[in-house]
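So the chains spell out like this:
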Amino acid sequence: MIEIIFFFQRWLYLVEEGTINIVSHVSLIKDPIFVEIFNILLIISLLFLVWCLVRKRNKNILLLFLIFLGYVLFIFFGVNYSTYLKTRNELEGVQGRYLFPVLGPLVIIMAYSLLNVFKNKLINILIFCFVSFFFIYSDFGYFYSNYYKWYFSVPGLSYKYGNVGQINKGQSSPKQVFSFKENSEKNYGLGIYISTYSNEIKKGFKVNLFDGDCNKILWIYEPKKIKDNFYLSIKLPNNLDKNNNYCFNIENDTSNKPITVWYSSVDLPGNVFEEMDKDLIYDLLDQETTERFK
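Only a predicted model underlies this, so the values are computations on that prediction, with no experimental measurement involved.

K.L.:
Just give me the short version of the overall build of the protein chain, but keep the residues and values in it.
P.N.:
A tally of helices and strands in the protein chain yields five helices and nine strands. Shown N-terminal to C-terminal, the secondary structure of the protein chain runs as helices and strands in the order α-α-α-α-α-β-β-β-β-β-β-β-β-β. Looking at the protein chain residue by residue over its 294 residues, the buried ones come to 39%. Considering only contacts within the protein chain whose residues lie at least 6 apart along the sequence, 78% involve residues at least 24 apart.

Shown next, in the form of structure tokens:
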């Protein structure tokens, strides 16, 4: 029982964090005050729910609550806790998004509970205004006021809006300088994150590798296929001198379908990665490699 309680505390925190925050490759975690207010509203609404069910005996609300509770118990015991007993990894499979199917019933339950305890209309109006303002601001308002700091100030996505703009036919991305990690004898690769505007492109692009002055082309790589939100992982030639700097860019040679590349506006010495490790030079998003090293 103690183990279940301990796991539930950690589970509840992780699920709540993944439900009310923006969780992606780069997560936007809200300030603690928003989480505290949400927890207070949730506890109050559940207490009010008991009161409303006893006094008003609303069968529809009771049914929604049982659906919500049953689903949560299934996720907790049937999925997450059983996985934890096998792996002893409390993070294994715990995702806030798994509760998304029953967030609708939860919102209805909270709204019903908060607005059906007091008979005074003015109090109900004040509660409605406060709760509406809180959820609108802590969701859309908070995202709108923090999205730039959250996303585009991440190292590696700092240039204007984080990408080079459209690379149309006959155009190239700006040249990016990089150098190898010190004291390593392993082969290296470039990680490049590409968006294709929902297209799949099979030819027309190439990756040019230049010397440290970014003038002389040393090597050319032509991807066989580029998909949208595609993580291109390219193994570099083995004969490169690890004491020198190099440059690379992406060139649209013949394709009528443009792409854009996410990259850093500053040179990133040492940020090429070894084998399949993702110590990235262009993309700091945690994407799975979709093309093996050539």
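K.L.:
Provide a residue-level description of a nonpolar patch on the surface, including the pertinent values.
P.N.:
On the surface, Leu69, Leu73 and Phe77 cluster together into a nonpolar patch covering about 250 Å² of accessible area. In this structure Leu73 comes out as partly exposed when scored by relative accessible area, which is 41%.

K.L.:
Describe the pairing of strand β4 (residues 217-221), and please don't skip the residues or the numbers.
P.N.:
Strand direction decides the pairing type here: strand β3 (residues 205-210) and β4, joined by four bridges, are antiparallel. Bridge pairing in β4 links Asn208 to Ile220. The loop that links β3 with its antiparallel partner β4 comprises six residues; one of these, Cys214, has a positive phi angle of about 65°.

K.L.:
Describe the nonpolar core, naming the residues involved and giving the relevant values.
P.N.:
Of all hydrophobic cores here, the largest spans 31 residues; its most connected members are Phe7, Trp11 and Phe68. Counting only elements with at least two residues in this core, the list comes to α1 (2-20), α2 (32-56), α3 (59-87), α4 (103-115) and α5 (121-152). Among the elements that line this core, the one with the most residues is α3, at seven residues. Contacts of Phe68, omitting those with residues within four sequence positions, involve Val102, Leu106 and Ile109. Residues Ile194, Tyr221, Leu236 and Ile250 belong to the second largest nonpolar core, which totals 21 residues.

K.L.:
Would you mind going over the state of the cysteines in detail, with residue names and values included?
P.N.:
Within the structure shown, the criterion is met by one disulfide. Sulfur-sulfur distance for the disulfide between Cys214 and Cys247 comes to 1.7 Å. The chirality of the disulfide connecting Cys214 with Cys247 is left-handed, given an S-S dihedral of about -55°. Linking Cys214 in the loop between β3 and β4 with Cys247 in strand β6 (residues 245-252), this pair joins segments that are 33 residues apart in sequence. For the pair Cys214 and Cys247, one class covers both residues: buried.

K.L.:
Any details on the packing of aromatic side chains? Residues and values, ideally.
P.N.:
Each pair of aromatic rings is reported with the distance of its centres and the angle of its planes. All chains considered together, the criterion is met by 19 aromatic pairs. Geometrically, the ring pair formed by Phe48 and Phe118 is edge-to-face, given 5.9 Å between the ring centres and 80° between the ring planes. Here Phe118 lies in the loop between α4 and α5 and Phe48 lies in helix α2, a separation of 70 residues in the sequence. Counting every residue linked through ring pairs, the aromatic cluster contains Phe7, Phe8, Trp11, Phe76, Phe77, Tyr81 and Tyr84. Here the guanidinium or amino end of Lys175 rests over the ring plane of Phe210, the centre of that ring lying 4.3 Å away.

K.L.:
Could you give an account of the pairing of β6, with specific residues and numbers?
P.N.:
Taken across its eight residues, β6 has six buried, putting it largely inside the fold. Both strand β1 (residues 176-179) and β6 contribute to a ladder of four bridges, which runs antiparallel. By the bridge assignment for β6, Phe178 is matched with Tyr246. With six bridges joining them, β3 and β6 adopt antiparallel strand pairing. The partner of Val207 across the bridge, within β6, is Ile250.

About the thresholds
Residues numbered from 1 in each chain as written. Predicted model: local features only at pLDDT ≥ 70, side-chain atom pairs only at ≥ 80, totals over all residues. Heavy atoms only, no water. Helix = DSSP H or I, 4+ residues; strand = E, 2+ residues; numbered from the N terminus. Buried < 20%, exposed > 50% of the residue type's maximum accessible area, 1.4 Å probe, protein only. Contact = heavy atoms within 4.5 Å. Patch = residues over 30% accessible without salt bridge, like charges linked within 9 Å, V, L, I, M, F, W, Y side chains within 5 Å. Areas by Shrake-Rupley, 256 points an atom, 1.4 Å probe, with all protein chains shown as cover. Salt bridge = Lys/Arg side-chain N within 4 Å of Asp/Glu carboxyl O. Pairing = 2+ DSSP bridges. Core = buried A, V, L, I, M, F, W, Y, C linked by side-chain atoms within 4.5 Å. Disulfide = S-S within 2.5 Å. Phe/Tyr/Trp six-rings, centres within 6.5 Å; stacked < 30°, edge-to-face > 60°. Lys NZ or Arg CZ within 6 Å of the ring centre and 35° of its normal.

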